[in-house]
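Given next are the chains, with one letter for each unit.
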Amino acid sequence: ATHNLRHEEKKSGIRSVITKTETRGPYSRPFTVYFIHTKTAFSVKGVCKRFSDFKELDIKIKKNFKNFNSPFPPDKVFNSMQPEFVNERRKQLQRYLDDALSVPDIAGFSELHTFLNIPEYNELVTE
């Protein structure tokens with residue numbers, strides 16, 4: 001039984017963590033970027049993404065995987081630069097990524113690999 005549990009914990013060989021956020025852009029139109037640190041058996045990569053990038057990914061995932069219904073954080077127009085809001089959204093996006101990576105088919109989805117800056121992942125796994 002312990003062996004199965006360990007295998008379950010492993011799920012996919014991809015672990016992505018949103019390590020930090022940063023405000024960028026002009027003073028009049030600031031935006032938040034999320035630093036995602038992705039670790040696989042083959043590499044460690046970092047990438048910066050905006051909320052809109054996550055949203056595009058969500059559309060692609062939900063189009064291809066109809067049963068995936070992890071809640072995606074709502075859009076917010078006002079106070080979206082408040083530290084509490086940014087931190088809460090980071091947690092929600094992390095939960096979303098964790099949920100996506102826990103589904104083997106989604107963890108193997110090339111669009112997700114491109115998003116995480118590990119486009120070569122599927123080729124390396126099948127070698």
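Analysis parameters
- Residues numbered from 1 in each chain as written.
- Predicted model: local features only at pLDDT ≥ 70, side-chain atom pairs only at ≥ 80, totals over all residues.
- Heavy atoms only, no water.
- pLDDT = per-residue confidence, 0-100.
- Helix = DSSP H or I, 4+ residues; strand = E, 2+ residues; numbered from the N terminus.
- Pairing = 2+ DSSP bridges.
- Axes fitted to C-alpha atoms, helices over the stretch in contact; angles between N-to-C directions.
- Contact = heavy atoms within 4.5 Å.

1. Overview of the confidence of the model for the protein
So, point 1. Per-residue confidence for the protein gives a mean pLDDT of 88; residues scoring 70 or more make up 90%.
So, point 2. Per-element confidence in the protein ranges from a low mean pLDDT of 38 for helix 1 (residues 2-10) to a high of 97 for helix 2 (residues 51-64).

2. Some thoughts on unusual backbone geometry
So, point 1. Residue Asn117 is not a glycine yet carries a positive backbone phi of 70 degrees.
So, point 2. Looking at the secondary structure, you find Asn117 in the loop between helix 5 (110-115) and helix 6 (121-126).

3. Quick notes on the sheet that holds strand 2 (residues 31-39)
So, point 1. Pairing is antiparallel in the open sheet, where three strands are placed in the order 1-2-3. Here the strands that pair on one side only, and so sit at the sheet edges, are strand 1 (15-24) and strand 3 (44-50). Strand-to-strand twist across the sheet, computed as the mean angle between neighbouring axes with direction ignored, equals 20 degrees.
So, point 2. Bridge analysis of strand 1 against strand 2 gives nine bridges, and the strand direction is antiparallel. Residue pairing in the sheet places Val17 in a bridge with His37 of strand 2.
So, point 3. Across the sheet, helix 2 lies against strand 1, strand 2 and strand 3, angled at about 100 degrees from strand 3, the strand it touches most.

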